[in-house]
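# Structural features, examined
Here are the chains, one letter per residue:
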Amino acid sequence: MKKSTKLAIAFLALAGTAGSVAVAADGQGRRGGMGQRGMHFEQTDADKSGDVTFEEFAAAMKARIGTADANGDGKMTVAEIASEIERMRAERRAQRIVERFDKDGDGMLTLAEIEARQKKMFALMDRNDDGKVVKEEMPDRMHGRRGRH
């Protein structure tokens, strides 16, 4: 393997690791638990032996790289690496959305779950409960006013 390919793989693994958010469930789907370092170790220790072998480490890094070599030529271009990083970010963002809206805990969103969340958000904005939201009821960040309440 060329030095440039090894560097690209190392960079992608580092970027993925640095940008990841480890989520440990506490049994009720909330964030928390053992923290990022412990969660990464637990995920890397595939055989749960209490230590990480080079094979386990290499497999974890390979999983982090994902499909960065999109055309399968054994080389990763800047565009391929950037695309993989964006895919991983989008996947993490989508996971957070599902965790936030998924009331029945099945890991999927239904229109009913999304609508329930929208109704809750609307009700919070409709401060006078008239079924309408006027500009003054909107949160400051939504209509350009910053720092004024």
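Please read all numbers here as calculations on a predicted model, not as lab measurements.

Moving on, we get to the overall build of the chain. Within the chain one finds five helices and zero strands. Within the chain, the proportion of its 149 residues that are buried is 20%. Across the chain, every contact between residues at least 6 apart in sequence was considered, and the portion connecting residues at least 24 apart equals 29%. Element-wise, carbon and sulfur atoms account for 57% of the exposed surface of the chain, whose accessible area totals about 11,300 Å².

Okay, the packing of aromatic side chains next. For the structure on display, the rule yields zero aromatic pairs. We note Arg-117 situated over the ring of Phe-101; from NZ or CZ to the ring centre the distance is 5.2 Å.

Although it is not a glycine, Lys-48 sits at a positive phi angle of roughly 55°. Following the sequence through the fold, Lys-48 ends up in the loop between helix 2 (35-44) and helix 3 (54-65). Overall, Lys-48 belongs to the exposed group, its relative accessible area being 54%. Its identity is not glycine, yet Asp-129 carries a phi of approximately 55°, on the positive side. Structurally, Asp-129 is set in the segment after helix 5 (111-125).

A word on helix 4 (residues 78-101). Across its 24 residues, helix 4 extends 35 Å between first and last C-alpha, which sits within 8% of the 34 Å expected from 1.5 Å per residue. When helix 4 is considered as a whole, its buried residues turn out to be Glu-80, Ile-81, Glu-84, Ile-85, Met-88, Arg-92, Val-98 and Phe-101.

Turning to its location among the elements, Glu-80 is positioned in helix 4. As a buried residue without a salt bridge, Glu-80 has its nearest oppositely charged side chain in Lys-75, at a separation of 9.7 Å. At 2.9 Å, the side chain of Glu-80 and the backbone nitrogen of Thr-77 are in polar contact. Ignoring any residue separated from it by four or fewer positions in sequence, one finds Glu-80 in contact with Ala-68, Asp-69, Ala-70, Asn-71 and Lys-75.

With that out of the way, let us pick up the confidence of the model for the chain. For the chain, per-residue confidence averages 74 on the pLDDT scale, and residues scoring 70 or more make up 67% of the total. Predicted confidence is poor over residues 14-39, with pLDDT under 50, and the contacts of this stretch with residues over four places away or in other chains come to 31 contacts. Predicted confidence is poor over residues 145-149, with pLDDT under 50, and the contacts of this stretch with residues over four places away or in other chains come to three contacts.

Once that is clear, we can look at the pattern of salt bridges. In this structure the tally under the stated criterion is three salt bridges. Among the salt bridges present, the one from Arg-89 reaches Glu-86, with a minimum N-O distance of 2.9 Å. Residue Arg-89 and its partner Glu-86 are located together in helix 4, separated by three residues, close to a single helical turn. Note on Arg-89: relative accessible area 44%, which makes it partly exposed. Note that Arg-87 and Glu-91 form a salt bridge whose closest N and O atoms lie 2.8 Å from each other. Here Arg-87 pairs with Glu-91, and both are found in helix 4, just four residues apart, close to one helical turn. Owing to a relative accessible area of 35%, Arg-87 belongs among the partly exposed residues under this scheme.

Reading the values: the criteria
- Residues numbered from 1 in each chain as written.
- Predicted model: local features only at pLDDT ≥ 70, side-chain atom pairs only at ≥ 80, totals over all residues.
- Heavy atoms only, no water.
- Helix = DSSP H or I, 4+ residues; strand = E, 2+ residues; numbered from the N terminus.
- Buried < 20%, exposed > 50% of the residue type's maximum accessible area, 1.4 Å probe, protein only.
- Contact = heavy atoms within 4.5 Å.
- Areas by Shrake-Rupley, 256 points an atom, 1.4 Å probe, with all protein chains shown as cover.
- Phe/Tyr/Trp six-rings, centres within 6.5 Å; stacked < 30°, edge-to-face > 60°.
- Lys NZ or Arg CZ within 6 Å of the ring centre and 35° of its normal.
- Expected span 1.5 Å × (residues − 1).
- Lys, Arg positive; Asp, Glu negative; His and termini not counted.
- Salt bridge = Lys/Arg side-chain N within 4 Å of Asp/Glu carboxyl O.
- Polar contact = N/O pair within 3.5 Å; in protein donor to acceptor, adjacent residues only side chain to side chain.
- pLDDT = per-residue confidence, 0-100.

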